[in-house]
Amino acid sequence: MPASGLFVARHRGATATSSPTEARLFGVSLSPLGWTFRGGRNRLIILLSGSGRITIGDSEVSLAAPAILWTPAGDRGAVTIDAGTEGAALAIPELELGPAMPAGAVFAEVRNALSQPILGARISAADARRLCTTIGTIEEELKENGPGAQEVIRHHLALLVIAIWRLANIETRQPKPSPRIIVRGFVHLMELHIRDHWTVGDYAAALDVPADRLNTAIRRAAGRTPQDLIHARIMTEAATLLDGSTLQIGQIATILGFKDAAYFSRFFKRLSGISPRAHREGASNRNRPRDTSFAAWP
């Protein structure tokens, strides 16, 4: 869905080429919402409930409510809001954001905070509701366009600007886990949930780190991506069951969390080059799964 499909309340005085301020509260939907943005405006998304993801460049970050997403003008990417998610969204060009900026000593701090993206930082439910209420007021003022509407909008934009600055400061002050802690946490969670088929995003959310930071930490420690290690661990489990039990292929598939034997067989053959049955018959000596011992990890 393009951006105009999501933001339905617009500044009526703006032309089609001036990228007006747009706002919307979105309730629980039976289908996902999604759009791309090309950097023309600053964008704010608040999740009250539900989830989603944002892609910027080669990085994809999972969003889980209650959360705030802020992308300054100039950033390009795509956002998908999952079905059943509730929240609010705002798009505002630089020319309309400027008058909402505070004067005085905090101007430089606020301007600096708003020049940096906030990609799905967790916030309190109370803060999420407060921000959604402010965006909802802007939406109504844009729709009605009554006397003094622009002053009301500017006032509420100023409240949002201060709120984003405060939340950005909170996020900055929070201690971030070291790469070593991230890696060890990932290995621990993988052992617990390998048969649950968690995605990399699921592991990142459980560790409370962005997916790209998890990916970087694992790559530096192991020379492979988190997805590579997840697949290698599943293959080790599969090989152990194939070599050390008389269970049927379908039973092994069920134990490992696959939906059916055919899917498991395709997965196994894609990674090893042979079928589970051929492996069991002893034809896989040259293609055994790589050693996945993590004893040498930092």
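Before reading further, recall that the structure is shown in the block above.
Definitions and cut-offs
- Residues numbered from 1 in each chain as written.
- Predicted model: local features only at pLDDT ≥ 70, side-chain atom pairs only at ≥ 80, totals over all residues.
- Heavy atoms only, no water.
- Pairing = 2+ DSSP bridges.
- Helix = DSSP H or I, 4+ residues; strand = E, 2+ residues; numbered from the N terminus.
- Axes fitted to C-alpha atoms, helices over the stretch in contact; angles between N-to-C directions.
- Phe/Tyr/Trp six-rings, centres within 6.5 Å; stacked < 30°, edge-to-face > 60°.
- Buried < 20%, exposed > 50% of the residue type's maximum accessible area, 1.4 Å probe, protein only.
- Lys NZ or Arg CZ within 6 Å of the ring centre and 35° of its normal.
- Core = buried A, V, L, I, M, F, W, Y, C linked by side-chain atoms within 4.5 Å.
- Contact = heavy atoms within 4.5 Å.

**A closer look at the sheet that holds strand β5 (residues 51-56)**
- Taken in spatial order, the four strands make up an open sheet running β3-β8-β5-β6, and their pairing is antiparallel. With partners counted over all chains shown, the strands left at the sheet margins are β3 (33-37) and β6 (59-64), one partner each. The mean angle between the axes of side-by-side strands here comes to 15°, regardless of whether they run parallel or antiparallel.
- Sheet analysis places β5 next to strand β8 (residues 77-81), joined by four bridges and oriented antiparallel. Pairing of Thr 55 across the sheet is with Ala 78, part of β8.

**A word on the packing of aromatic side chains**
- Enumeration according to the criterion identifies six aromatic pairs in this entry.
- Ring centres of Phe 258 and Tyr 263 lie 5.6 Å apart, and the angle between their planes is 75°; this geometry places the pair in the edge-to-face category.
- Overall, Phe 258 belongs to the buried group, its relative accessible area being 6%.
- What makes Tyr 263 partly exposed here is its relative accessible area of 36%.
- In textbook terms, an aromatic cluster arises when at least three aromatic residues are bridged by ring pairs, as seen for Phe 258, Tyr 263, Phe 264, Phe 267 and Phe 268.
- Across from the ring centre of Tyr 263, 5.3 Å away, lies the NZ or CZ of Lys 259, which sits over that ring.

**Things to note about unusual backbone geometry**
- Each neighbour pair has its own omega, and for Ala 65 with Pro 66 the value is -5°, a cis peptide bond.
- Structurally, Pro 66 is set in the loop between β6 and β7 (67-71).
- A positive phi angle, near 55°, is found at His 197, a position not held by glycine.
- Of note, the phi angle at Asp 208 is positive, near 60°, even though the residue is not glycine.

**Thoughts on the nonpolar core**
- Counting residues in each nonpolar core, the largest one holds 33 residues, and the members touching the most others are Phe 186, Leu 214, Ile 230 and Phe 264.
- Broken down by secondary-structure element, the contributors of at least two residues to this core are α6 (179-193), α7 (200-207), α8 (211-222), α9 (226-244), α10 (249-255) and α11 (261-272).
- Residue contributions to this core peak at seven residues, all from α9.
- Sequence-distant contacts of Phe 264, that is, excluding residues within four places in its chain, are made with Ala 238, Ile 249, Ile 252, Ala 253, Leu 256, Phe 258 and Pro 276.

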